[in-house]
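Here's the letter readout for the chains.
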There are 2 protein chains.
Amino acid sequence: MVDRELLLFMPASSIFFAMLSGEILSKLASISSSSNLFTSPEDKIAYSYDGTPLLQQLPGAVIRPRSAEEVSQIVRLANQEGFPLVARGSGSGLSGGSVPLEDSVIILMNHWNRILEIDEQNLTVWVEPGVITGQLHSAVEARGLFYPPDPGSAAICTIGGNVAENAGGLRGLKYGVTKDYVMGLEAVLANGERVRTGGKSVKDVAGYNLKDWLVGSEGTLGIFTKILLRLVPKPETATTMLVFFDRLSDSAEAVSAIIASRITPAALEFLDNTTIRCVEDYARLGLPTNLEALLMIEVDGRKAVVDEDADRILSLCRKHGASMINVAENEQDAQRLKSARKVAFAALARIRPTTILEDATVPRSLVAPMLEFIQQVARKRNLTFGNFGHAGDGNLHPTCLTDERDEKEIHAAEAAFEEIFEKAIELGGTITGEHGTGLTKKKFLERQVGSAAVELMREIKRVVDPNAILNPGKIFSPKPRCEGPLPGNRDQLQKFLDQGAFV
Amino acid sequence: MVDRELLLFMPASSIFFAMLSGEILSKLASISSSSNLFTSPEDKIAYSYDGTPLLQQLPGAVIRPRSAEEVSQIVRLANQEGFPLVARGSGSGLSGGSVPLEDSVIILMNHWNRILEIDEQNLTVWVEPGVITGQLHSAVEARGLFYPPDPGSAAICTIGGNVAENAGGLRGLKYGVTKDYVMGLEAVLANGERVRTGGKSVKDVAGYNLKDWLVGSEGTLGIFTKILLRLVPKPETATTMLVFFDRLSDSAEAVSAIIASRITPAALEFLDNTTIRCVEDYARLGLPTNLEALLMIEVDGRKAVVDEDADRILSLCRKHGASMINVAENEQDAQRLKSARKVAFAALARIRPTTILEDATVPRSLVAPMLEFIQQVARKRNLTFGNFGHAGDGNLHPTCLTDERDEKEIHAAEAAFEEIFEKAIELGGTITGEHGTGLTKKKFLERQVGSAAVELMREIKRVVDPNAILNPGKIFSPKPRCEGPLPGNRDQLQKFLDQGAFV
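Residues numbered from 1 in each chain as written. Chains lettered and ligands numbered in written order. Predicted model: local features only at pLDDT ≥ 70, side-chain atom pairs only at ≥ 80, totals over all residues. Heavy atoms only, no water.

## Regarding the overall build of chain A
- The helix and strand inventory of chain A stands at 18 helices and 18 strands.
- Compactness check: chain A gives a C-alpha radius of gyration of 23 Å against a globular reference of 23 Å for 503 residues, within 12% of the reference.
- Its C-alpha atoms give chain A principal-axis dimensions of roughly 70 × 60 × 45 Å.
- Burial statistics for chain A: of 503 residues in total, 65% are counted as buried.
- Sequence-distant contacts in chain A: of pairs separated by 6 or more residues, those separated by 24 or more amount to 72%.
- Counting every atom, chain A has about 17,400 Å² of accessible surface; 48% of that belongs to carbon and sulfur.
- The averaged location of the 64 negative side-chain charges in chain A is 2 Å from the averaged location of its 54 positive side-chain charges. (Helix = DSSP H or I, 4+ residues; strand = E, 2+ residues; numbered from the N terminus. Rg over C-alpha atoms; globule rule 2.2 N^0.38 Å. Buried < 20%, exposed > 50% of the residue type's maximum accessible area, 1.4 Å probe, protein only. Contact = heavy atoms within 4.5 Å. Areas by Shrake-Rupley, 256 points an atom, 1.4 Å probe, with all protein chains shown as cover. Lys, Arg positive; Asp, Glu negative; His and termini not counted. Charge placed at Lys NZ, Arg CZ, Asp CG, Glu CD.)

## So, the packing of aromatic side chains
- A full pass over the atoms with the stated rule returns 12 aromatic pairs over all chains.
- Between the aromatic rings of Phe476 of chain A and Tyr208 of chain B, the centroid separation amounts to 5.4 Å while the plane-to-plane angle is 85°, which identifies the pairing as edge-to-face. Taken together, the residues span two chains, with Phe476 of chain A in the loop between α17 (451-464) and α18 (490-498) and Tyr208 of chain B in the loop between β9 (194-198) and α8 (210-214).
- The exposure class of Phe476 of chain A is buried, given its relative accessible area of 5%.
- Aromatic ring contacts, followed pair by pair, group Phe385, Phe417, Phe421 and Phe444 of chain A into a single cluster.
- Over the ring of Trp126 of chain A we find Lys226 of chain A, and its NZ or CZ is 4.9 Å from the ring centre. (Phe/Tyr/Trp six-rings, centres within 6.5 Å; stacked < 30°, edge-to-face > 60°. Lys NZ or Arg CZ within 6 Å of the ring centre and 35° of its normal.)

## Quick notes on unusual backbone geometry
- With a phi close to 55°, Leu123 of chain A is a non-glycine residue in the positive phi region.
- Within the fold, Leu123 of chain A resides in the loop between β5 (115-119) and β6 (124-127).
- Residue Leu123 of chain A is classed as buried on the basis of its relative accessible area, which comes to 8%.
- Positive phi, close to 70°, is recorded for Arg262 of chain B, a residue that is not glycine.
- Structurally, Arg262 of chain B can be placed in the loop between α9 (248-260) and β13 (267-272).

## Some points on the domain arrangement of chain A
Residue and element names in this part refer to chain A.
- Domain annotation for chain A reports domain 1 (1-108 + 442-503), domain 2 (124-233), domain 3 (236-347) and domain 4 (352-440).
- On a C-alpha basis, the centres of domain 2 and domain 3 stand 29 Å from each other.
- Between domain 2 and domain 3, the residue contacts involve 6 residues of the former and 11 residues of the latter.
- In total, domain 2 and domain 3 occlude about 720 Å² of area from one another, counting both sides; carbon and sulfur atoms represent 59% of this.
- Looking only at domain 2, the three residues that lose the most surface to domain 3 are Leu170, Leu173 and Lys174, adding up to 80% of its buried area. (Domains from an automatic or database assignment. Buried area = accessible area lost by both parts, 1.4 Å probe.)

## A look at the interface of chain A and chain B
- At the junction of the two partners, chain A supplies 82 residues and chain B supplies 82 residues.
- Considering only the side of chain A, the residues that lose the most area to chain B are Lys203, Tyr208 and Arg262 of chain A, jointly responsible for 16% of the buried surface there.
- For the interface between chain A and chain B, the tally reads 12 salt bridges.
- Of the charged contacts, one joins Asp212 of chain B and Lys179 of chain A as a salt bridge, the two residues approaching to 2.8 Å between their closest N and O atoms.
- In this structure, the connection of chain A to chain B is made through 34 residue pairs in polar contact (both at pLDDT 80 or more).
- Secondary structure elements with two or more residues in the side of chain A that touches chain B: β9 (194-198), α8 (210-214), α9 (248-260), α11 (303-319), α16 (442-449) and α17 of chain A. (Salt bridge = Lys/Arg side-chain N within 4 Å of Asp/Glu carboxyl O. Polar contact = N/O pair within 3.5 Å; in protein donor to acceptor, adjacent residues only side chain to side chain.)

## Brief notes about the relation of the copies chain A and chain B
- When chain A is fitted onto chain B, the two copies agree to an RMSD of 0.0 Å after a turn of 180° and an axial shift of 0.0 Å. The transformation just described matches what one would write down for a two-fold rotation axis.
- The fraction of interface residues of chain A whose copies in chain B are also interface residues reaches 100%, indicating that both copies meet through the same surface. (Least-squares fit on C-alpha atoms with pLDDT ≥ 70 in both.)

## Remarks on the nonpolar core
- Trp213 of chain A together with Trp213 of chain B are the most contacted members of the largest nonpolar core, which has 193 residues in total.
- In contact with Trp213 of chain A, other than residues within four places in its own chain, are Leu221, Ile460 and Val464 of chain A together with Trp213, Leu456 and Ile460 of chain B. (Core = buried A, V, L, I, M, F, W, Y, C linked by side-chain atoms within 4.5 Å.)

## Observations regarding the environment of Leu20 of chain A
Residues and elements named next belong to chain A.
- Tracing the sequence through the fold places Leu20 in the loop between α1 (2-8) and α2 (22-32).
- Owing to a relative accessible area of 13%, Leu20 belongs among the buried residues under this scheme.
- Put simply, Leu20 and Arg341 are 321 residues apart on the chain and 44 Å apart in space, counted from C-alpha to C-alpha.
- Apart from the residues within four sequence positions on either side, Leu20 is in contact with Leu25, Gly60, Ala61, Phe83, Asp103, Ser104 and Val105.

## Here we look at the sheet that holds strand β4 (residues 105-108) of chain B
Residues and elements named next belong to chain B.
- Across the sheet, which stays open at both edges, the 4 strands sit in the order β1-β2-β4-β3 with mixed pairing between neighbours. The strands lining the two open edges of the sheet, one partner per strand, are β1 (37-38) and β3 (85-88).
- For β3 and β4, the ladder comprises 4 bridges, and the chain directions are parallel. The residue of β4 that forms the bridge with Val86 is Ile106. (Pairing = 2+ DSSP bridges.)

## Quick word on the environment of Ser153 of chain A
All names here are of chain A.
- Inspection of the secondary structure assignment puts Ser153 in the loop between β7 (145-146) and α6 (159-165).
- For Ser153, a relative accessible area of 25% puts it in the partly exposed group.
- Between the C-alpha atoms of Ser153 and Ser477, which are 324 residues apart in sequence, the distance is 28 Å.

## Quick notes on helix α4 (residues 68-81) of chain B
All names here are of chain B.
- For α4, spanning 14 residues, the distance from its first C-alpha to its last is 20 Å, which sits close to the expected 20 Å at 1.5 Å a residue.
- Listed as buried for α4 are Ala68, Glu70, Val71, Ser72, Ile74, Val75, Leu77, Ala78 and Asn79.
- Trailing α4 by a residue or two, Gly82 shows a phi angle of about 80°, which is positive. (Expected span 1.5 Å × (residues − 1).)

Structure representation (structure tokens):
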């Protein structure tokens with residue numbers, strides 16, 4: 001995607017933030033000690049990209065703060081000296097949210113990985129932002145509790161990144177997304193002030209809801225230093241099923257029938273034939289590769305209800321033309337069936353050198369027309385797409401298998417995704433269900449939410465981060481205060497932005 | 001509470017907003033027609049107060065807009081001419097959120113009362129903001145669906161007011177609060193722009209989360225013109241129980257034991273002895289008036305699970321010293337038992353001329369120490385308090401029975417609530433669980449959230465509503481832009497604010 005590349009691979013001459021001078025670097029070292037500051041090319045290259053294809057940019061430096069107070073000092077220094085900051089966990093994001101700008105200082109948070117308190121009376125957990133999501137799952141499940149959000153990257157991603165992007169995952173239909181589990185935050189704001197918002201009270205309406213305004217702000221409004229999450233009782237049991245369909249439209253009708261029957265599965269996942277074939281080729285699970293669609297369905301809860309729901313679901317699937325059904329007989333078997341869905345991305349990524357995975361999302365009743373549209377676009381543009389995703393909540397992952405060295409094909413992919421995003425908006429959906437706007441979607445944001453809403457977002461950003469220190473250029477282009485002198489080379493930034501180089 | 005009164009009953013000479021001139025009134029009439037503009041004293045007096053005691057102020061005029069476009073035109077006119085606006089539904093709020101300032105124009109929304117679309121495939125409902133919450137309950141339950149938030153005022157309050165205050169209610173423990181059900185909003189912003197945020201996609205992370213930022217903003221950031229709510233399947237069945245305890249501490253331990261056993265009741269409500277006696281005196285339900293505490297517990301869901309949970313709850317209550325148990329045998333009986341909790345406010349309000357009901361909230365594990373503290377404070381200050389509330393989510397309603405004509409007692413009540421709010425903060429709770437900050441809590445806001453957070457809230461308000469048009473003075477005092485001339489008499493407002501007359 002050439003315009004993504006343009007965005008990041010800028011010639012060294014277009015410096016618009018203060019260069020990181022030796023003086024700045026020594027001030028950074030004096031905050032967090034020189035052993036926590038990394039400036040060599042080989043150190044920086046590891047932080048020049050995230051999980052998003054086609055985006056890469058070396059940062060100016062990488063720092064590992066040791067305390068919230070150090071984060072605050074780094075933010076204050078960035079304001080004084082005029083350099084941008086990008087907070088980063090595991091860097092598994094898929095919208096370029098943690099890709100730096102030239103001369104950004106990356107604030108590494110993945111070593112802040114302690115689970116601080118599991119409160120079994122209030123069903124809450126305080127964590128540091130660098131805790132791996134999957135490790136949190138294990139820790140609370142060992143106490144009979146449950147943290148429902150489970151992004152596909154749960155084995156490697158951090159809670160801090162999940163909160164910054166408001167990550168979704170497989171259990172969204174029944175359990176909601178990350179936002180629904182964040183009860184409190186400690187954060188450093190763009191001016192270096194430390195705030196604490198929310199707490200263990202289930203109900204709290206004191207003042208504006210700063211917590212939910214920070215969740216999903218993609219590192220542009222604050223840097224999290226401590227996170228309080230809500231837990232729920234661990235479901236007593238679960239049943240996992242794979243259901244195969246000859247026709248894609250039958251699988252969509254089965255999904256609608258399940259929802260209409262007022263059953264809410266914990267997961268209701270979809271794979272198309274391309275994805276099934278790639279998964280089988282990769283993982284050898286014994287999946288039939290000639291069928292059009294696969295639903296991975298999981299119901300959880302109390303034993304009596306789970307059994308009854310599973311029976312009703314299977315009967316609805318049969319009624320809507322299911323041609324093969326596989327029900328897990330034990331936990332090991334369930335993990336095997338679930339892996340059919342879990343390896344989808346990895347399996348597709350083996351086919352071609354470049355894998356562009358998106359998250360266009362529609363109301364769940366419109367999954368079938370959306371899938372048909374994606375297939376049409378792929379055929380028209382002669383592209384290979386695998387489609388899978390969260391059918392139950394309309395959150396699809398159209399995935400283009402391509403090669404970044406083939407400029408023509410990359411252009412075609414870019415144009416295809418533009419059509420797909422337009423269609424999602426037309427159907428009342430969204431350009432991004434769970435990956436965030438970041439760099440890759442910002443050119444589509446205004447089409448979805450309208451110019452008044454984008455203007456409002458920009459104004460909010462401008463007032464809380466007037467020097468555009470925190471992750472600038474993500475979600476939308478920053479609009480620094482034009483009154484008064486800008487620190488560093490911010491007037492050059494303004495010129496740069498005025499020229500429209502940021503979309 | 002004298003300082004609340006000072007706030008509102010200001011002498012006519014302290015005009016700080018433009019007087020509503022004949023010219024402004026005729027412009028308003030030309031927007032919504034003269035038959036929808038009310039300016040006579042008898043019309044205005046009905047909108048001079050809400051459900052909050054001790055607060056009253058005549059508005060300048062009352063207008064009933066007929067469309068979102070008219071709301072937008074009124075907001076634009078308010079900016080040009082410099083007069084404040086207060087959007088209002090049923091006026092049942094308990095923090096003064098819809099009490100006008102002198103010369104405010106009240107925008108009445110309670111005639112916007114249509115349920116526009118119940119979407120059974122996506123489990124959503126589009127409503128106008130003036131729909132009565134209880135009527136929405138009935139309408140969706142008739143289709144086998146369920147809208148869980150149920151504020152105590154559900155029979156009269158509007159969805160628009162619920163969203164503006166992020167209302168809670170009895171089902172918070174299991175189902176969450178209003179915010180958890182708002183999927184989309186159409187709103188008019190302070191500059192008159194119309195925005196639409198959110199939609200039917202369960203997952204949507206495009207740009208900043210403007211939706212959750214508008215929910216609970218108490219009319220200070222936007223006026224809702226259309227609201228999209230999430231529904232869930234209606235629970236198959238429910239069981240209601242009343243459990244009485246000799247000792248308050250036993251009831252608190254029973255609550256902890258229920259939560260610790262990983263059961264999540266739909267409601268877990270508490271009444272103290274004062275409240276039980278008032279309820280019995282008022283409603284003659286046959287409650288024993290000699291016992292210290294009553295829990296009203298409801299479990300809902302699938303039949304098999306409800307029966308099992310109800311049995312486990314009763315056994316836990318017995319183990320923790322329950323002295324009397326009453327289980328509803330049918331729906332009519334359940335309504336009778338629930339009425340013990342539902343009439344609590346009305347029953348307490350009969351005892352003395354003035355009833356001050358607050359919503360100090362603590363983590364649920366700290367309900368017992370909080371209740372003890374409230375009792376101590378009441379004894380020390382020689383005040384009568386009834387205590388009831390949502391024990392399951394820590395959201396208590398300490399209710400002071402007093403007389404506004406007794407200045408000394410009102411001062412004592414004021415001082416008692418100040419201690420209670422301080423204690424809630426000390427215990428990691430909040431000054432307001434579900435009523436909003438409004439006028440009555442704003443002096444406590446900074447103590448809870450800190451000065452950096454309040455400063456951020458003010459900055460946000462200032463940038464989106466530079467002329468402080470939308471419900472000014474609620475949550476915190478407005479801070480108008482000081483650059484450039486202010487419209488109307490806004491420079492006088494600035495002087496007024498600088499003098500600190502607003503807390």
